[in-house]
Every structure is written in C-alpha cells, then in structure tokens.
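# Breakdown of the fold
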Amino acid sequence: MAMLTVASLRKTYTTDRGGVRAVQGVSFTVEDGRFYTLLGPSGCGKTTTLRCIAGLERPEGGTIQLDDEVLSGDGRFVPPYDRDLGMVFQSYAIWPHMNVFDNVAFPLRVGRARATSAEVRKRVEEALALVGLEGLEDRPAPQLSGGQQQRLALARALVRKPRLLLLDEPLSNLDAKLRERMRIELRELQRRLGITTVYVTHDQGEALFLSHRVAVMHDGGIVQEGTPREIYRDPSTGFAADFVGNATFLAGDVVEDGIAALGGRVRCSMPKDLRPGEKGLLVLRPENVVVRGAPERRPNEFGGKLEIAAFLGDHLDCIVAVGDTLVRARAHPSVQLRRGQDVWVEFPVEHCVAMRDDGWRPRALQRSFGEDEE
Amino acid sequence: MATAARGASFALPALPRSGVVIPAMAATFLLLLTVLPLSMLILGSLQVEGREGLTLANYANVYSDPRTYRLLSNSFLYAVGTAVLALSLGTALAYIVERTNVPFRRAFFAVTLVPLIVPGIVSTIAWVYLASGKIGVINKAFMALLGLTDPPFEIYSLLGMIWAEGLHLSPLVFLVMVGAMRAMDPSLEEAAVTSGARPLRTLRTVTLPILMPALASGALIMFIRGLESFEVPALIGIPARVPVFTSEIYEALRRYPQDYGSAGSLGVGLLAISAVGVWWYGRLTRRAERFATITGKGYRPRTIELGSWRWPALAFLVLYLLIVVVMPFLVLLFVSLLPFYIPSLDMFQRLTLKNYVTVLEHPDTLLAARNSLLLAVSTATIAMALTAVIAWIVVRTRLPGRRILDLLAFLPIGIPGLVLAVALIFELISFPIPIYGTLIILVVAYVTRYMPYGMRTNSAAMLQLHHELEEAAAASGASWATTFRKIVVPLLWPSLVAGWIYVFVVSVRELSSSVLLVSHDSIVVSFVIFDLQVSGQSNAVAALSVLLVLSLVVVVGLTQRVSSRIGVKGG
C-alpha cells in the first residue's frame, strides 16, 4: 500500500533561461498502484513538483505525504536519501565509472538496510531481468545504447522495491520508434508490478497512453485532473483542450441552443451556468468533424473550401476554411477530396459541448507562416 | 555517421587550392617552431666542442655524476609536492565556490583571477620577504608574538619551494576544476541521493570518481609545470642549495666557459621526463572524453547546503586570499616604499617614494616595458591566429596527418622554457641567422611556448561550432577565406579574445626562456626584475613588481571590458 498525497505545494524556482516561476498550491493524490502523470509545457512547474516529491528541492510550503509518513511539511523535511523511492532522470544519469551491475547494485549497497552480497546479486539479476538487460552485468555503462541506458536507469530505480517510482521525462531522449516500444514496456511493467508512479512529460500522447490519471499543468498550477478519457473529451479550460490533442476553437456569444459562430449558429449543449449573451467556446476534435464533397443539409453543416488534404496512411488530415476560420478535420483515407474544392463540414451535435470562453486560443493553426513556435 | 559528427566533407572540394596550401603552410610553421629546435637540442647535446662527429660524452659526464641523481630526486620531490599542494588547494576551493552555498561566492570568483595575473617572479620574491628565515615578515611577527627564538618558517628549503610554487599554481587548478564541475551532469549525483546515498557517500562514490580524470590530468599538468618552473628554483632553490634540473641548466650556462654539453644533456633528460608526463596526460584526457556523458552543455550544479559550516568555509576562502593575494602584495608594497629593507615596524616612519622615482627614471625600465608590451601583443596575436587556422584544420577537415598537426601544436606544453631557450641557442649556433639577442627570437620562443594554450582554446570553441554554419556559408557561395573571416572568426570571437588575453599575460610573465635569450637591447620587464633581485637591489625590485602587477591588472581589466562589447556573445 502506498498512497502519495501532495497538498498546497509551493516552490519558487528559476527556469533554465533565468526567469523566475513558481509552483503555487499544487494538490493531488496518487492512489496505491496508480500511474499518475503531470503533463504540461516546459516551465509549467511539473518537474519542480516531481523534484519536491523526491526531496531534491525543498518546498516553501505545503505538505507531501507517503501513506502516513510526512516527507515534507509541518516543519519536517525528510532528505531524499531517506525517502523510499526510485527515480529515473531525463538524462538517465547512469554513472559512467561503474559497470551495469554496480550501477544497479548501488541503491542496495548505500541504503540504511544493507543487503548481503548474495542478496545483492540476486536482486540485481531480478531487476535486470525485469527490464530485459540480463547478461549485461559486466558491461561498462558508457558502452550501452540510449535505450539500454534507459532500461538500466529503470532497473536501478526499481531494485530497492521502493514504494514510489518517479520518472522525469524518461522517454524524451529516445528516437521515435524506440520511444514507442519503451512506452509499451513501461506501461506493462508498471501494471505488472503495481508500483505507485508519478510521471512527468510534455508529450500528451505519452500521458494518455501510460496513465491512470493525468494532471494538466500550466503556469505553476494544475488546471485539470482526470482520467485520460476525461481530459481528452471534456477539457475544462481552453488551455487543456489545446494542449491535449488537436482542436478547432469556435468562440462566440451564447445564443439559444448554441453559439454564434461561422456566420451563423452552431448548435451545441451548454453547461447550466452559461447564459445567452455570455461568451462561449466550442472545442472540436478533428475526428469528430465530418467532411463531405456534397452538402447533406444536416444540422451544424457549413460550406467551406478545402485548403489542405494530406494523406497520412490511416487517415486524411484536412484543413477547411469556413469563412475566416480554419477547421481541422480527419477523413477516411479512401475519401476522394482535392485541394481547393468546395466541401461541407458537419459538427455532429452529440459531440458539441460548449464551455465558458476563458480567452485561450491555440497557436497551432494560422493562415500564414507567422511566428513559428513549438 | 562520422561525417555528421565531425569533419565537413565540403572543406576540400570547395577550396581546391587553399585546401592544400594552408595546411601545408601551417605544418611548415609547426615543424620550424617545434621539431627543428628539438632536433637541434638533441644534436647539440651529442657534440663536444673542438671534436668532430657525434658522441655520448656529455651524457656520460652528466649521468655518471652522483650530483645528477640528487638533482633528479630534488626535481621529482619538488614537482610532486607542488602538484599535491596546488591540486588539493585548487580543488577544495573550486568545490566550495562552485558547489556550496558559502557566502560571497560570486565575489570570490572574480578575485581568484587576480593571482593568475601575478608573474611567478613577483610572487616568488614576495615569499622571500614573507617567509625567509632571516628577514621574513611572517617569521618576525610569529617570533615577536609567541616569543620564539628561532624562525618557525624557512622559505629557503625544499618545503619552502613547494609552498611558493604550489600556491602560485593553485588558481590554475581552481579554474580547471570549476570547469570540470560545471561539465558534470547534476543528475548523476541526484541519482545517488535518491538511491539512498548520504551526501558524504555521494561525494566519495559518485562525485570524486567522476571528477577523477580531471583531477588526474590536473595533477600531471601541475607536475610538469613544477618540473619546468624556473623562478622558484633559481631565486629560492639556488641559495637554499636545493638544485633541480632547471636551476642546474641555468647555472651551466652562467658558468665561464659556458657548459653547453651539460646544459644540452640535462635539457634532454628533463624533456624526456616531461614528455612521459605529457604522453600520460594525453592518455588520461582521452579517457576523460570517453567518460564524458553526452551533451557538453553547461549545467547548473546543485549547491550543497553547508548549514553552520558556511562560516568555516568562508574563513578558508578568506585565509586563502590573504595568503595568495593580499599578503604578497602588501609585503612588496611595504618593501617598495622603504629606503632599505629591515623587517621592523619602525620602518613605517621612513616610507618614501624614492624607489619608484629611481625605477621610472632608469632608461632600462622604459625599454623593458616597451619590449614586454610589444612582445606580448605580437605573441598573443600570432599564437591565436596560427592556432585558429590549425584548430580549424584539425577539427574540420579530414586531411590525412591532421592528428600530427594537433600533436605538434600541443607538444610545446612539455618543453620547459629553459630547455626551449637552450634548443634555440643551439639552433642559432648551427644556422647563423642574425636574430640572437633580438626581439624576433623572443617572439619565436614565446609563440612556441604558448601555442598549446591557443590550440586548446580554439579547438574547444571550434568543436562547439556546428559545421553546418560554415556549410551554409559555402552553400551561399562564400569562399573559404570569406567563410573563415565572416563566419568562423566572429563566432569564435569571445574565445579568441579570452585566449588572447591569457597569452598576453603569460607572455609578460615569461622568464625562463627570456633569461637565456635576452641581450641588452631586448630586455624585458620580468628579466629586469630577476636581474635586480639577483644583484640585491631589493627595494627597486619591489617597486617594479608593484608597478608590473598593477599595470597587468589594469590592462586585463580594460581588455575584458572593451572586448565584451565586440563580437558575438557565446550563447
């Protein structure tokens, strides 16, 4: 049983570029055996939060608790070496002066409860088998490939059988194919071991794939927390909708049964507290937008011009200009559509749920090559 | 794959003519500066005046003398002691300043650069006044305060020599170790801490082993520097009757008639020992590169919370500054203001500026200052320009033999200044070019000695520069010369300037080559100080030393200020 509770965490920190940011009042709970992800852009405070949990940073306020033990807060601060956790770093932090065996054995040799050398050997072999590195014990660490270093870092984090596993963007230094495979292995391993895990990433795909629960972070706070499904389907803020997945934003005044947008009315369901005359926002995922070459006179159907139709194998990525608005849609790859032709897009009413417009706009889609920021 | 990481394949096709001409010119220069004098040294050591042909007689003479073995053991003890002292002090300082939350660490950083500027001759003389058994200020103070009858310290001893040289070299270790600590990925230590290792254990099992290659190569460099140092052996070692290789070579050439045979064979012996050191150093640094865990980006290391240990740590820093900067400078200032030297408080009533007037009015001073300045500026400029081109060839092209260029440019790090001077004398005896005793031979010696520094600065900077930046210029239609001028030089500017300042300073400080190569018309400031000290004009020496240190600090300060406004800032 290991449950992590973080409450009202506060920490001021400087970013790599010298700016000062702060984690303000971050609170969340990770249930036993769950995979919990902090997701957000760089500088949002996710790594600082993780480092506070590890004890590598000293929080200015709030409490961190593992089961009943207060790790930090109420005037207490347990140093990192006395916390029962394993951590994987973004750079893997494999010690270059040790071989594979010594790297993994390190946590068993330095901790408070020292193991006998027979016990050390047994547990190192178990840990290496867990990550598929058996037989490489005597290899000098710098001779490992990126993927192997990553596995080694994981074995080292797990060898003590800690109650808590912390992962700081562990996949971001791998190439795409390997990242895909490690993602699957990591998921399986965590589910099998049932170890309580906190994961930090800026990659929404990773977050959705791996997690039981995801917290979307922005400017030092959590803006939304939920299962991957909830986060994707029902974003609670413009930022969350924009950061997790692609979306077309339709903003307009709330009218009867919908919002005024695209030169007409887009019908949608409405939260109770949103009244006509207020500003509403409709977030449309591309897979929920239907594109046709001919009109079918259905509700929420708008005529436009096909600006881009790119074949991506399993689907056709479309951008349709409806008036001044660019709508992103995903069509079946067999559909015959040509760039420049007139098309009709439909937003099926069951997928349309408006939220209060908080002013956030995505940067992704713009007509010109303006500023190009990642 | 190798192409992506290193050499640009465009280099050769894009420059059909200069692609051969420039490397060939660079190689010729290097051969003239390094291989030729060394060959002449070896050849010279195999000849005996008045006899035909080659002989091992000089070696038989020198190496059958039991004195030579005392020399060997002295040199060895002195160099090892110096390396140990410099390394432990420099490393401890670097760790405290770079890795802990000691108060005023930023300010300390700037101050440690000052002792790097102080010439060895000046600090050596200062330590004579501080810790000589007879006249040392520290000794007098301790004797008065503690009621001792015998002086507690004696600079005129092997330990005294180690002390003076070790302190003098420690700021260099400090800089090297700060660099090594900054290049270390902090998560290596964090991984140890989150694995359950306490701070001291982390230091022992992770931090120190990872810094080991840097420590080992630092130790070797300090050993070589100790072996080839001249100021301390000449000014402290000779009166203390602790002869080492360098002082013995110097004395062999001061005797009448000059003993070229002994100087040559001792020089070759010293060269052999330091060559072993350099070879070993090369091996270590290659291993260090293998150790390097990716990136090469600068990290912001974790600072260790010292808690109540902050104040003892600060006390250590302050004590270090007192010993290395403040006390030596103050004692020289004191001596420079006295009509004659007696280590007594009463002398404070007799302070005078007379020495400064004497020094400044002496025609030699002006000539020496002009020569030193001229030499330092030309040496720094030639050395940086030459090594920029060589570094480019080594890093960027895939020319066969580029490794040899690299080696040749690095080789002089192992040639003691005194030995180089002996080699140049032999060379000028064989080829009677009329440059002996001119500034030209001094420039040749200086450029040879300081090429390795320029090489290291330039190739490190060049490696950081992505080769696509130059390829983009070539693809835009720029010739090799234009690319070098408009792309490479501006991007390298910050490190070129830093390297230039460094070579400038060490050129002004240079003594061990100059002492054998200057004539009356080509005297330099460091030589004048040395000469005055040997002839016992202590107050003039002190005045000149104070002036030299102050002007170097001003020049370095100004250059850094001005240069920070030019060129591209390193990102």
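This part takes up the overall build of chain A. When helices and strands are tallied, chain A shows eight helices and 21 strands. With the C-alpha coordinates of chain A rotated into their principal frame, the extents come out at 75 × 45 × 40 Å. Among the 374 residues that make up chain A, the fraction classed as buried is 50%. Restricting to contacts in chain A with at least 6 residues of sequence separation, those with at least 24 account for 66%. Of the charged side chains in chain A, 50 are positive and 52 negative, and the gap between their average positions amounts to 2 Å.

What follows deals with the sheet that holds strand S14 (residues 264-267) of chain A. Residues and elements named next belong to chain A. One open sheet holds the five strands; their spatial order is S14-S13-S12-S15-S21, and the pairing between them is antiparallel. At either end of the open sheet lies a strand with only one pairing partner, and these are S14 and strand S21 (354-356). On average, each strand axis in the sheet is tilted by 45° relative to the strand beside it, whichever way the strands run. Where strand S12 (residues 248-255) lies against strand S13 (residues 258-261), two bridges are found, and the strand directions are antiparallel. Along S13, the bridge assignment pairs Val255 with Gly258.

Another point: the packing of aromatic side chains. All told, the structure shown has 24 aromatic pairs over all chains when counted by the stated rule. With centroids separated by 5.8 Å and ring planes inclined at 35°, the aromatic side chains of Phe302 of chain A and Phe347 of chain A adopt a geometry described as tilted. A residue pair is termed long-range when its members are at least 10 positions apart, and Phe302 of chain A in strand S17 (residues 301-311) and Phe347 of chain A in the loop between strand S20 (342-346) and S21 qualify at 45 residues. For Phe302 of chain A, a relative accessible area of 11% gives the class buried. An aromatic cluster is present here, built from Tyr446, Tyr450, Tyr453 and Tyr502 of chain B joined pairwise through their rings. Its end group placed over the ring of Phe77 of chain A, Arg83 of chain A keeps NZ or CZ at 5.0 Å from the ring centre. Over the ring of Phe209 of chain A we find Arg183 of chain A; its NZ or CZ atom is 5.4 Å from the centre of that ring.

Residue and element names in this part refer to chain B. Taken domain by domain, chain B comprises domain 1 (19-45 + 356-571) and domain 2 (65-345). The gap between the C-alpha centroids of domain 1 and domain 2 is 23 Å. Taken residue by residue, the interface counts 44 residues in domain 1 and 43 residues in domain 2. Between domain 1 and domain 2, the buried area comes to about 3700 Å², and carbon and sulfur atoms account for 74% of it. Together, Leu418, Arg509 and Asn539 form the three largest contributors to the area buried by domain 1 at its contact with domain 2, with a combined 16%. At the junction of domain 1 with domain 2, the criterion picks out one salt bridge.

Once that is clear, we can look at the domain arrangement of chain A. Split into domains, chain A comes out as domain 1 (4-233) and domain 2 (246-356). The centre of domain 1 of chain A, based on its C-alpha atoms, is set 40 Å off from the matching centre of domain 2 of chain A.

Procedures and definitions
Residues numbered from 1 in each chain as written. Chains lettered and ligands numbered in written order. Predicted model: local features only at pLDDT ≥ 70, side-chain atom pairs only at ≥ 80, totals over all residues. Heavy atoms only, no water. Helix = DSSP H or I, 4+ residues; strand = E, 2+ residues; numbered from the N terminus. Buried < 20%, exposed > 50% of the residue type's maximum accessible area, 1.4 Å probe, protein only. Contact = heavy atoms within 4.5 Å. Lys, Arg positive; Asp, Glu negative; His and termini not counted. Charge placed at Lys NZ, Arg CZ, Asp CG, Glu CD. Pairing = 2+ DSSP bridges. Axes fitted to C-alpha atoms, helices over the stretch in contact; angles between N-to-C directions. Phe/Tyr/Trp six-rings, centres within 6.5 Å; stacked < 30°, edge-to-face > 60°. Lys NZ or Arg CZ within 6 Å of the ring centre and 35° of its normal. Domains from an automatic or database assignment. Buried area = accessible area lost by both parts, 1.4 Å probe. Salt bridge = Lys/Arg side-chain N within 4 Å of Asp/Glu carboxyl O.

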